[in-house]
Amino acid sequence: KTYVAAAFPSACGKTNMAMMVPTMPGWKVETIGDDIAWMKFGDDGRLYAINPEAGFFGVAPGTSMKSNPNAMRTAETNSIFTNCAVTPEGDVWWEEMTDAPPAELTDWLRRPWTPGNRRKAAHPNARFTTPARQCPVISSEWENPAGVPISAILFGGRRAGVVPLVNEALSWQHGTFLGAIMSSETTAAAAGAVGAVRHDPFAMLPFCGYHMGDYFAHWLKVGAQADEKQLPRIFYVNWFRKGPDGKFLWPGFGENSRVLKWVFERVTGAGKAVETPIGRLPAPGTLDLSGLRVPADSISELLRVDIEGWIAELPALRTHFERFGTRLPQGLKDELSALEKRLQAAAVGAGR
């Protein structure tokens, strides 16, 4: 088995990934947890993670038998729902739960609601919480006090452009840099204007109880005190890239198993990659697309390094890092400078 940890902002696919139903024959996903991982070094020098939680706490709107059947099965009984709509029979309902909404509902503010109503029946950040033991794909290791060895760490957010489908960090320090510059288009699960791009380093913005500069330094210290060959490889993923028509280029959900397959192949040394200014991307033909109906130009766009887009983001990255003042580790300053140099060289090479 290969164990993966991931850090995404709220409403960016953590629970869906944790309970994924792979689309590729012969592959199976088991769930350790969907929210928090506590990690420490084992006697073998590898990082081990445990799930300290007893259950799952997921965003309800958008969760369905199509998007996350295992979450729906987990929450069938013995569960708590907040800010959902209620059917005349006393059941809960939320947007996208079914192909068509019920003819009559009571909305989350207890007002009568019908399908012609423009307002949402459930609050966009309505939630379900349910015991992890009820999950049909819960791993036998989910309560193992020794934890499980982590081979890869995924960072990701909701970005319509610039960030490719998957990108492997060049080193642990570079991976820490990618975690520090994580950004996402905000959803109803975050404060502020919905759809605005904001940086959410390590998906910890709402949760870190001390200075984020010290948090970054801790990650760098972990890398410095360990054998990098023993550390998890770090990847940056983006399931939400859109085309000019505003539609998602990648189908997501169970098809994300194809990206995980490449991640596993990179971990074992079998997967091929190409070096780019932002990191390592899948080499042509190495992402398993068998049976997937996605246009070739969409795949090209998903795996394209948008040099101009990244250069345009550099001022925002500098401003982001300025927030941490003198407590921003030098290693991250060095990574930002190195990224800028690589991008500028690529732009010159492309004749821009």
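Relevant structure appears above.
Read on for a plain summary of the structure. As the structure is a computational prediction, the values presented were derived from the model and not from experiment.

## Remarks on the packing of helix 7 (residues 307-322) against helix 8 (residues 330-349)
If you want to describe how two helices pack, look at the angle between their axes and the distance between the axes. Packing of helix 7 against helix 8 brings their axes to within 10 Å, and their N-to-C directions diverge by 160°. The orientation of helix 7 with respect to helix 8, classified from their angle, is roughly antiparallel. As for the relative orientation of helix 7 and helix 8, their crossing is left-handed in sense. Contacts between helix 7 and helix 8 involve Ile 307, Trp 310, Ile 311, Leu 314, Leu 317, Arg 318 and Phe 321 on the former and, on the latter, Leu 332, Leu 336, Leu 339, Glu 340, Leu 343, Ala 346 and Ala 347. Its residues assigned to classes, the contact of helix 7 with helix 8 comprises 12 nonpolar, no polar and two charged.

## Quick notes on the layout of surface pockets
Space inside the second largest pocket adds up to approximately 310 Å³. In terms of lining, the second largest pocket is formed by 17 residues, of which the most central are Glu 228, Lys 229, Leu 231, Pro 232 and Arg 233. Counting residues per element, the ones that place at least two in the lining of the second largest pocket are strand 11 (148-156) and strand 15 (233-237).

## Quick notes on the sheet that holds strand 10 (residues 127-131)
On the basis of which strands lie adjacent, the open sheet formed by three strands has the order 4-10-5 and antiparallel pairing. Strands at the two margins of the open sheet, each flanked by one partner only, are strand 4 (55-59) and strand 5 (80-82). Between one strand axis and the next, the sheet turns through 15° on average, direction left out of account. In the sheet, strand 5 pairs with strand 10 via three bridges, with the strands oriented antiparallel. Counterpart to Thr 82 in the pairing with strand 10 is Arg 127.

## Quick word on the nonpolar core
Counting 47 residues, the largest nonpolar core has Phe 216 and Phe 321 as its most contacted members. Listing elements by their share of this core, those giving two or more residues are strand 1 (3-7), strand 3 (47-50), strand 11, helix 3 (172-180), helix 4 (212-224), strand 15, helix 7 and helix 8. Among the elements that take part in this core, helix 4 stands out by supplying six residues, more than any other. Ignoring any residue separated from it by four or fewer positions in sequence, one finds Phe 216 in contact with Thr 176, Ala 180, Pro 201, Phe 202, Phe 324, Leu 328, Pro 329 and Leu 332. Within the second largest apolar cluster, 25 residues are counted, among which are Phe 8, Cys 12, Val 29 and Trp 239.

## What about the packing of aromatic side chains?
Given two aromatic rings, one states the distance between the centres and the angle between the planes to describe the pair. What the rule picks out here adds up to 14 aromatic pairs. Members of the aromatic cluster, each reached through a chain of ring pairs, are Phe 155, Trp 172, Phe 202, Tyr 210, Tyr 215, Phe 216, Trp 219 and Phe 324. Positioned over the ring face of Phe 57 is Arg 127, at 4.8 Å from the centre of the ring. It is Arg 158 that lies over the ring of Phe 240; its NZ or CZ is 4.1 Å from the centre.

## Quick notes on helix 4
For helix 4, built from 13 residues, the straight-helix expectation of 18 Å at 1.5 Å per residue is met to within 8% by its first-to-last C-alpha distance of 18 Å. Burial in helix 4 covers these residues: Met 212, Gly 213, Tyr 215, Phe 216, Trp 219, Leu 220, Val 222 and Gly 223. Each element contacted by the buried residues of helix 4 is listed here: strand 2 (38-41), strand 11, helix 3, strand 15 and helix 8.

## Let's talk about the pattern of salt bridges
Using the criterion set out here, one finds 17 salt bridges in the structure. Notably, a salt bridge pairs Glu 313 with Arg 159, separated by 2.4 Å at the nearest N-O pair. Remark: Arg 159 occurs in the loop between strand 11 and strand 12 (166-168) and Glu 313 occurs in helix 7; sequence separation between them is 154 residues. Its relative accessible area of 6% is what places Arg 159 among the buried residues. In this structure, Arg 233 engages Glu 168 in a salt bridge whose closest nitrogen and oxygen atoms are separated by 2.9 Å. Of this pair, Arg 233 sits in strand 15 while Glu 168 sits in strand 12, placing them 65 residues apart in sequence. You can call Glu 168 buried: its relative accessible area is 2%.

Definitions and cut-offs
Residues numbered from 1 in each chain as written. Predicted model: local features only at pLDDT ≥ 70, side-chain atom pairs only at ≥ 80, totals over all residues. Heavy atoms only, no water. Axes fitted to C-alpha atoms, helices over the stretch in contact; angles between N-to-C directions. Helix = DSSP H or I, 4+ residues; strand = E, 2+ residues; numbered from the N terminus. Parallel < 35°, antiparallel > 145°, perpendicular 65-115°, else oblique. Left-handed = near helix turned anticlockwise from the far one by under 90°. Contact = heavy atoms within 4.5 Å. Nonpolar A, V, L, I, M, F, W, Y, C, P; charged D, E, K, R; others polar. 1 Å grid on protein atoms, 1.4 Å probe; cavity = no way out; pocket = protein on both sides within 12 Å on 5 of 7 lines; lining within 4 Å. Points joined across faces, edges and corners; volume = space filled by probe spheres on them. Pairing = 2+ DSSP bridges. Core = buried A, V, L, I, M, F, W, Y, C linked by side-chain atoms within 4.5 Å. Buried < 20%, exposed > 50% of the residue type's maximum accessible area, 1.4 Å probe, protein only. Phe/Tyr/Trp six-rings, centres within 6.5 Å; stacked < 30°, edge-to-face > 60°. Lys NZ or Arg CZ within 6 Å of the ring centre and 35° of its normal. Expected span 1.5 Å × (residues − 1). Salt bridge = Lys/Arg side-chain N within 4 Å of Asp/Glu carboxyl O.

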